[in-house]
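If you want the building blocks of each chain, they are given just below.
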Amino acid sequence: MLVQFLILVLGLILLIKGADWMVNGASSLARKYNVSDLAIGLTIVAFGTSAPELVVNLYAAIQNHHDLVFGNVIGSNNINLFVILGIAGLITPMAVQSSTVWKEIPFSLLAAILLFVLANNFSGNGVGSISRVDGLVLLILFAGFLFYVYKQLKNDAPAPSEAVKTMPPLKIWGLILIGMAGLVLGGRMVVTNAVTIASAIGISEKIVGLTIVALGTSLPELATSVVAALKKNNDIAVGNIIGSNIFNIFLILGTSALVKPISFNPIFNTDIYLLIGGTLLLFIAMFTGQKKKMDRWEAGLMLVIYLGYTAYLVGMEI
């Protein structure tokens, strides 16, 4: 058991470092083309910090650990929204652009609602699953989101930032490739050993996915958003979280389902309700107190809600 736990930790370290290297390389590459901070946060950084979830889910889907697939994505999204954005908001109030309030946050809400509808098959035979057709729908919507960001690039003037240094091309591509290798190896180690540990101590894959694996794969988002908040770069901090949540549902679940259809356990509906409610709460926070800003008390409320829900989950499992 100790060996499996140590390998799991090593796998998480590889995931985090792999994502870190890939984000640094990809962000530096984007800088060469004068891409704005918000666009980088919504795309390059969001993809890099979501890469651990993608790798873990692909392995889990192939190995038929379907509860781990949903637990990882839904759990990561809830941690992103309630914990990471909450911590970043406590560090500094999160002021956001109008496009984030009226477009990116609603797009994230659409993703959560669509996940609920597709997973429960309200228009199908009643058997919960994300089919290959559903996966294709999610990927098409993801392409639409990328097109929206591309259109935004024409309107957003790039802002100078000290967060990413210019690197020579060889170093950029070296970081990207080494980061990808770390993600692939780390993802395999995490899935294999998380399932082994869960089976050994009698904890369900759902709980493992929603907590240990989701928290582990969300560490890149935590590090990125906290550093961005400390540097008062709200566009990167918020864009990373909203972008990651959109990526997790549209890209990661879509890709996983395309590789192999994923059976859905209705027990996850409560977690999806939490995700939908949290996204609505974030939207409402943009109009309470200071406009287009998440104040510290609102960030604290998000953290308290998540801690209470986690205590409820553990209590139900016990």
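For every chain, the first residue of the written sequence is number 1, and numbering continues from 1 along that sequence. Whole-chain, interface and lining totals are the exception, using all residues; otherwise, since this is a predicted model, local features are given only for residues with pLDDT of at least 70 and side-chain atom pairs are given and counted only at 80 or more. As a convention, hydrogens and water are excluded, and side-chain values are obtained from all of the structure's heavy atoms.

- The name that an unreviewed UniProt entry assigns to the protein chain is Cation:H+ antiporter, with the source organism given as Sunxiuqinia elliptica.
- UniProt positions are given in the numbering used here, feature names are shortened, and annotations may be inferred rather than shown by experiment. Looking at the Subcellular location (unreviewed entry) heading of the UniProt record, one finds this comment for the protein chain: "Membrane".

**So, the packing of aromatic side chains**
Then, in step 1: Side-chain rings of Phe, Tyr and Trp, where Trp is taken by its six-membered ring, are said to pair if the distance between their centres is within 6.5 Å; with planes under 30 degrees apart they count as stacked, over 60 as edge-to-face, and otherwise as tilted. Tallying each qualifying case throughout the model produces 12 aromatic pairs.
Then, in step 2: Seen in terms of ring centroids, F107 and F250 are 5.7 Å apart; in terms of plane orientation they differ by 85°. Their pairing is edge-to-face. Of this pair, F107 sits in helix 5 (residues 98-119) while F250 sits in helix 9 (residues 234-259), and the two are 143 residues apart along the sequence.
Then, in step 3: Site record: aromatic cluster; members linked through ring pairs are F107, F142, F145, Y148, F247 and F250. Secondary structure elements follow DSSP: runs of H or I no shorter than four residues count as helices, runs of E no shorter than two count as strands, and numbering proceeds from the N terminus.

**Looking at the packing of helix 4 (residues 66-91) against helix 9**
Then, in step 1: Put simply, helix 4 and helix 9 touch, their axes get as near as 10 Å, and they point 170° apart. Classed by the angle they form, the pair helix 4 and helix 9 counts as roughly antiparallel. Within the contact between the two elements, helix 4 uses V69, F70, V73, S76, N77, N80, L81, I84 and L85 and helix 9 uses V238, I241, S244, N245, N248, I249, I252 and L253. To obtain an axis, a line is fitted to C-alpha atoms, over the contacting stretch when the element is a helix, and the angle between two such axes runs from 0 to 180 degrees between their N-to-C directions. Oblique is the label for every angle not falling under 35 degrees (roughly parallel), over 145 degrees (roughly antiparallel), or within 65 to 115 degrees (roughly perpendicular). Residues are treated as being in contact if the distance between any of their heavy atoms lies within 4.5 Å.

**Here we look at helix 10 (residues 269-285)**
Then, in step 1: The terminal C-alpha atoms of helix 10 lie 24 Å apart, and with 17 residues this matches the ideal 24 Å at 1.5 Å per residue to within 8%.
Then, in step 2: Looking only at helix 10, the buried set comprises N269, D271, I272, L274, L275, I276, G278, T279, L282 and A285. Expected span of a helix, by definition, is 1.5 Å for each gap between consecutive residues, and there is one gap fewer than residues. The buried label applies to any residue whose accessible area, calculated with a 1.4 Å probe on protein chains only, is under 20% of its type's maximum; exposed applies above 50%, and partly exposed to all values in between.

**Describing unusual backbone geometry**
Then, in step 1: Even without a glycine there, the phi angle at N64 is positive, about 65°.
Then, in step 2: Looking at the element boundaries, N64 is found in the loop between helix 3 (44-62) and helix 4.

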